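Architecture and fold: a report
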Amino acid sequence: MSYLDALMHQAKEPVPSEPSKEKPSKKVLLDAYGDVKIYREPDEPLLLYEIQVPRYRGEEKRLVEALLEIALNVLPVQASALTAEEKRQQYFQKILEIIDGTPELKVPVNAKEFFAKAVVREMVGYGLIDDLTRDDELEEIMVIGKQKPVYVYHRKYEMMRTNVVFYDDGDIRNLADRIARAVNRRVDLQAPLLDARLPDGTRVNATIPPISLDGTTITLRKFKKDPLTVIDLIRYGTINFDAAAFLWLASDGMGAFPANVVISGGTASGKTTTLNMLSAFVPNSERIVSIEDTAELNLPLQHWIRLEVRPPGLEGSGEVSMDDLVKNSIRMRPDRIIVGEIRGQEGYTMFAAMNTGHRGVMGTLHANSAKETLVRLTSPPINVPLSMLSSLNLIIMQNRIHDRRKGTIRRITEIGELVPSEELAMPSLQILYQWDPVQDVLSSTGLSSFYLQLLSRYTGLSQDDLLREVQVRAGVLEQLSKQGIRSLEGVSDVTQNYLAKSRLKV
Ligand SMILES: Nc1ncnc2c1ncn2[C@@H]1O[C@H](COP(=O)(O)OP(=O)(O)O)[C@@H](O)[C@H]1O
Ligand SMILES: [Mg+2]
């Protein structure tokens, strides 16, 4: 048994107050990637996420601390031109040298790298939870207190326990302090709540006693570095080539009449992901302002300004709301306004902007059907007047479905459009694409699109020309898929190039 195996083995030993105590280890390996293993354990409602990590107690903790002290004394910690990754590499080598130069520490020969890595994580990473922060599959990392497992929210497996445990509140507090200092903030009795964004996009929240009763908590919401693209969504069956090509056309509107779009659905149905997909289609020549509660969008666009809400400070002042930001964005001469999530007054402001001629405005909304979407928009607290409603062109309905055979799937279940009606104040809703739950396919209803009719008017192209354009773009997406190009950069290189070329043709 290697030293690492021994460590992992040890972590399973019954230890008083350890959460997984005395469990017969009948765990079943479900998945493994990188250094991560995912297990199901009998009688455990949550899956187990396991990585190799030192236990922060006893001899191991003393060793990490001793090495850290030496390293902090001899290595420079001030800013340098190195990237974070280069710094890690440099420190890693230096700490291996320290280990070799200090035999009295008695670091086991076959665990030198393990301990060097642990010390690096303390110096330039997130300590014990560092590997968790580096796993792009994890959305959230939750430290809830000492002697309890750190929980994670996994993109695929959702809430999970991990084998990472802090044994001491002081260690959690140290980590919270270190994170706070990195953004020139602090967590202490005067400011027991920390809510901040780190330079890498991670959103951090920390609470300390007496606010949190059971000790320090840390919640990290990670920024997805490699977002799902249109090709991923097609591969997952969320959308098909045809509907994606239609939405692509709608999102640039041939450079003349981009659609105003609301993406609607339940919690975690994939609204933001679809918004990201659509926004990535916005031509690179346009000026985009995005407004979000928590910045999640990741766009390949050059001329993009990201605005994020600021919650009120402890004294209740200094708040900058979604609505403040949407109002401000209108004064920024945007070609596009993208509103992360419409919940209140900002929805009204957004519609007012659409009514005064802003095109290609996009946002998400929490609602369970297209009809409910209209009701939500027109009732408090959003209160869009009926007369303004039809400046919205498309509603995309997104659903998270628990399929008996396929597990959790996310589907675009409807793409509808608003058609103003002269007699009725309420525009009518026409469905262009409809998902069939039995066949699990999204297909065109064959109805003639009102939006394409408008687009035809603005471009001088006939509706047939526009339908052919959709077909050509579907072909472009099929090519991407065939060639296995799925990354944000790869996909948008091709789609942006396509737009640039067709601009030359016009
Ligand atoms: N079409 C999809 N297929 C598979 N996973 C998806 C899809 N859309 C989103 N996800 C994943 O589901 C989670 C929630 O997605 P998100 O877009 O944030 O939902 P919402 O904005 O509706 O709350 C994320 O982990 C995301 O990566
Ligand atoms: Mg969202």
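Everything numeric in this text was worked out from a predicted model, so none of it was measured. Position numbers for residues start from 1 in each chain and track the written sequence from start to end. All chains are assigned letters beginning with A, and all ligands numbers beginning with 1, in the order in which they are written. Side-chain atom pairs in this predicted model are given and counted only at pLDDT of 80 or more, local residue features only at pLDDT of at least 70, and totals for whole chains, interfaces and linings cover all residues.

What pLDDT conveys is the predictor's confidence in a given residue, as a value from 0 to 100. This prediction gives the protein chain a mean pLDDT of 90; 93% of its residues lie at or above 70. Low pLDDT, under 50, characterises residues 1-21; the predicted model gives this stretch 20 contacts beyond four residues in sequence or across chains. Working definition of a contact: two residues with C-beta atoms, positioned from the backbone, lying within 7 Å.

By this definition, two strands are paired if DSSP reports at least two bridges between them. Every helix listed is a DSSP run of H or I at least four residues long, and every strand listed is a run of E at least two residues long, numbered separately from the N terminus. On the basis of which strands lie adjacent, the open sheet formed by nine strands has the order β12-β11-β13-β14-β10-β15-β16-β17-β18 and mixed pairing. Where the open sheet ends on each side, the last strands, each with one partner, are β12 (304-308) and β18 (441-444). The average undirected angle you get between the axes of adjacent strands in this sheet is 20°. Taken together, the four bridges between strand β13 (residues 336-342) and strand β14 (residues 362-366) define a ladder with parallel strand orientation. Looking at the pairing, Val339 lines up with Gly363 of β14. Under this scheme, a helix contributes an axis fitted over its contacting stretch, all axes are lines through C-alpha atoms, and angles between N-to-C directions fall in the 0 to 180 degree range. The sheet contacts of helix α9 (residues 271-279) involve β10 (261-265), β13, β14, β15 (394-403) and β16 (407-419), and relative to β14 the element is tilted by about 170°.

Another aspect to go through is the site of ligand 1. We call a residue near a molecule or strand when its C-beta atom, built from the backbone, sits within 6 Å of it. Every one of the 16 residues lining ligand 1 counts as a neighbour, but Thr238, Gly270, Lys271, Thr272 and Thr273 are closest to it. Examining the composition of the shell around ligand 1, we find that three residues originate from one element, α9, more than from any other. Tallied by class, the residues present in the shell around ligand 1 amount to four nonpolar, eight polar and four charged. Throughout, the ten residues Ala, Val, Leu, Ile, Met, Phe, Trp, Tyr, Cys and Pro are labelled nonpolar, Asp, Glu, Lys and Arg are labelled charged, and all others, Gly among them, are labelled polar.

Moving on: the pairing of β15. Consecutive side chains of a regular strand alternate in pointing toward one face of the sheet and then the other. Sheet topology places β10 next to β15; five bridges connect them, and they run parallel. Paired with Val262 across the bridge in β15 is Ile395. Taken together, the 10 bridges between β15 and β16 define a ladder with antiparallel strand orientation. Within β16, the residue paired with Ile395 across the bridge is Gly416. Joining the antiparallel neighbours β15 and β16 is a turn of three residues.

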